[in-house]
Amino acid sequence: MKQICHLCAERAKERKRSLQRARNGEELEYTNRLMLMRLVAAVVSAMREEEQLEQARIRRELWERSRRKNIGK
């Protein structure tokens, strides 16, 4: 009887350890997803900023051309 109780206790401990490992894995997976989402957000933000800078450069170029034309008249 004592041996059976010992085996049950060992199984319970192993299940507890297994659950803990599963929880840690889930936390790690959640953290990885969160970091990936933050990285994607940063890349999208950088791409938008790059696009805005390009649009500003184009507007400046057009403004300078227009100014040169008006000066030449």
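For the structure itself, consult the block above.
Bear in mind that the values here come from a model prediction, so they are computed numbers and not experimental data.

On to the overall build of the chain, then. Helix and strand counts for the chain come out as one helix and zero strands. For 73 residues, the compact-globule formula gives about 11 Å, and the C-alpha radius of gyration of the chain, at 31 Å, lies well above that figure. Taking the principal axes of its C-alpha atoms as reference, the chain extends roughly 110 × 5 × 5 Å. Going through the 73 residues of the chain one by one, you find that 0% of them count as buried. A total of about 7,400 Å² of accessible surface is found on the chain, and carbon and sulfur atoms cover 59% of it. Separation between the mean location of the 19 positive side-chain charges and that of the 11 negative ones in the chain comes to 3 Å.

Considering all chains together, one arrives at seven salt bridges under this definition. Here Glu 64 makes a salt bridge to Arg 68, at a shortest N to O gap of 3.6 Å. Remark: Arg 68 and Glu 64 occur in helix H1 (residues 2–72); sequence separation between them is four residues, near one turn of the helix. On the accessibility criterion, Arg 68 (53% relative accessible area) is exposed.

A residue is classified by how much of its surface remains accessible, and Glu 64, at 24% relative accessible area, is partly exposed. Spatially, the C-alpha atoms of Glu 64 and Glu 54 are 15 Å apart, while their sequence positions differ by ten residues.

As a further point, take a nonpolar patch on the surface. There is a patch of nonpolar side chains on the surface, built from Leu 36, Leu 39, Val 40, Val 43, Val 44 and Met 47 and spanning about 530 Å² of accessible area. Assignment of secondary structure puts Leu 39 in helix H1.

Scoring rules and cut-offs
- Residues numbered from 1 in each chain as written.
- Predicted model: local features only at pLDDT ≥ 70, side-chain atom pairs only at ≥ 80, totals over all residues.
- Heavy atoms only, no water.
- Helix = DSSP H or I, 4+ residues; strand = E, 2+ residues; numbered from the N terminus.
- Rg over C-alpha atoms; globule rule 2.2 N^0.38 Å.
- Buried < 20%, exposed > 50% of the residue type's maximum accessible area, 1.4 Å probe, protein only.
- Areas by Shrake-Rupley, 256 points an atom, 1.4 Å probe, with all protein chains shown as cover.
- Lys, Arg positive; Asp, Glu negative; His and termini not counted.
- Charge placed at Lys NZ, Arg CZ, Asp CG, Glu CD.
- Salt bridge = Lys/Arg side-chain N within 4 Å of Asp/Glu carboxyl O.
- Patch = residues over 30% accessible without salt bridge, like charges linked within 9 Å, V, L, I, M, F, W, Y side chains within 5 Å.

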